[in-house]
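# Observations on the model geometry
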Amino acid sequence: MMLSSTLSASTIYIGDDATYGQNLPFGTGSSNDRADSIRSLTYIYSDNSYTASKDESIKIDEVNLVSHFGGNLTPFVAKYDGGALIAGSSYELITTGDTLAVAANSLLNLAFTVSGINPIINLLAGETIVAGLYQDERIVMIDLSSPTPDPTGDWIHTGNVIPATSGQSFSAAGNAEYFFRNTHYRYNIGLSAVDVPEPTALAMMTFGLAMLMLFGSGSLGAMTRIRK
């Protein structure tokens, strides 16, 4: 089910367990809370997306997850272009985060960074973004006891198939892909709005700076002449 959120001044979350934010349920490694049986995989979560209501800039702040085993995890954000939610070709890479070294059996609240900096992405009105990850081990816990089936499925692929550069689509359908129904990954990505001055405010700021430079330089010249 493709859900949409409205971005406000506070952080919102996208991903399978977006509703929990940083407070993801901590599993125990039991039959109902364990990592996936596939060791190396790429996963895109169609649930709990974000759709821009206007042209806007978004900062990608954080990655939250519950780990079972330790390993390396690479978070990413992709744009949903329409089409079947289970098809990799329906998604276009926007940005890939720095790879994170993940400890085992932990609730982790980590920064989403690219070369150490929180990335800012620009969205047009109506564009939808989703969360994803690549993990090289059985890292992220899954909840197998979810009472609500997902009728649409997400997209999962064995191995690391994150495109090499932003703007590229993921592998098309027909590869090693799977429906994941009735399960939730303990994972989400946090976003926040970037404040951009309104055109009127920006014009006033520019005018004020120009006046300061004009009269400020004149006053400084007068002071200099007096001191001479």
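Residues numbered from 1 in each chain as written. Predicted model: local features only at pLDDT ≥ 70, side-chain atom pairs only at ≥ 80, totals over all residues. Heavy atoms only, no water.

Per the stated rule, a full pass over the model turns up seven aromatic pairs. Ring plane angle 45 degrees and centroid distance 5.6 Å describe the contact between tyrosine 80 and tyrosine 91, whose orientation is recorded as tilted. You can see tyrosine 80 sitting in strand 5 (residues 71-80) and its partner tyrosine 91 sitting in strand 6 (residues 91-96), a full eleven residues away along the chain. Accessibility expressed as a relative area gives 0% for tyrosine 91, which makes it buried. Here the aromatic cluster, defined as three or more aromatic residues joined through ring pairs, consists of Tyr43, Tyr45, Tyr185 and Tyr187. (Phe/Tyr/Trp six-rings, centres within 6.5 Å; stacked < 30°, edge-to-face > 60°. Helix = DSSP H or I, 4+ residues; strand = E, 2+ residues; numbered from the N terminus. Buried < 20%, exposed > 50% of the residue type's maximum accessible area, 1.4 Å probe, protein only.)

With that out of the way, let us pick up the pairing of strand 14 (residues 187-193). Among the seven residues of strand 14, six are classified as buried, and the element is accordingly described as predominantly covered. As defined by bridge partners, strand 4 (residues 56-66) adjoins strand 14 across seven bridges and the pair is classed as antiparallel. Paired with asparagine 64 across the bridge in strand 14 is asparagine 188. (Pairing = 2+ DSSP bridges.)

Before going further, it helps to examine the side chain of arginine 186. Take arginine 186: it is sitting in the loop between strand 13 (184-185) and strand 14. A residue is classified by how much of its surface remains accessible, and arginine 186, at 7% relative accessible area, is buried.

With that settled, consider the nonpolar core. Of all hydrophobic cores here, the largest spans 31 residues; its most connected members are Tyr50, Leu73, Ile129, Tyr185, Tyr187, Ile189 and Leu191. Those elements that provide at least two residues to this core are strand 1 (12-14), strand 3 (41-51), strand 4, strand 5, strand 7 (100-102), strand 9 (120-123), strand 10 (128-135) and strand 14. In this structure, Phe76, Leu85, Tyr91 and Tyr134 belong to the second largest nonpolar core, which totals twelve residues. (Core = buried A, V, L, I, M, F, W, Y, C linked by side-chain atoms within 4.5 Å.)

With that settled, the discussion passes to the pattern of salt bridges. Applying the stated criterion across every chain, the model contains five salt bridges. Taking the shortest distance from any N to any O, the salt bridge between glutamate 127 and lysine 79 comes out at 3.2 Å. Residue glutamate 127 is found in the loop between strand 9 and strand 10, and its partner lysine 79 is found in strand 5; the two are separated by 48 residues along the sequence. Residue classification places lysine 79 among the buried positions, given a relative accessible area of 16%. (Salt bridge = Lys/Arg side-chain N within 4 Å of Asp/Glu carboxyl O.)

This part is about unusual backbone geometry. Notably, asparagine 105 is not glycine yet its phi reads approximately 50 degrees, a positive angle. The residue asparagine 105 is located in the loop between strand 7 and strand 8 (107-111) in this model. Judged by its relative accessible area of 48%, asparagine 105 falls in the partly exposed class. Positive phi values are uncommon outside glycine, yet serine 115 reaches one of about 55 degrees. Residue position: serine 115 is located in the loop between strand 8 and strand 9.

The three strands lie next to each other as 2-11-13, forming an open sheet whose pairing is antiparallel. Of all the strands in the sheet, just strand 2 (33-35) and strand 13 have a single pairing partner and so form its edges. Where strand 2 and strand 11 (residues 141-143) come together, three bridges link them in antiparallel fashion. Note on strand 11: the bridge partner recorded for alanine 35 is methionine 141.

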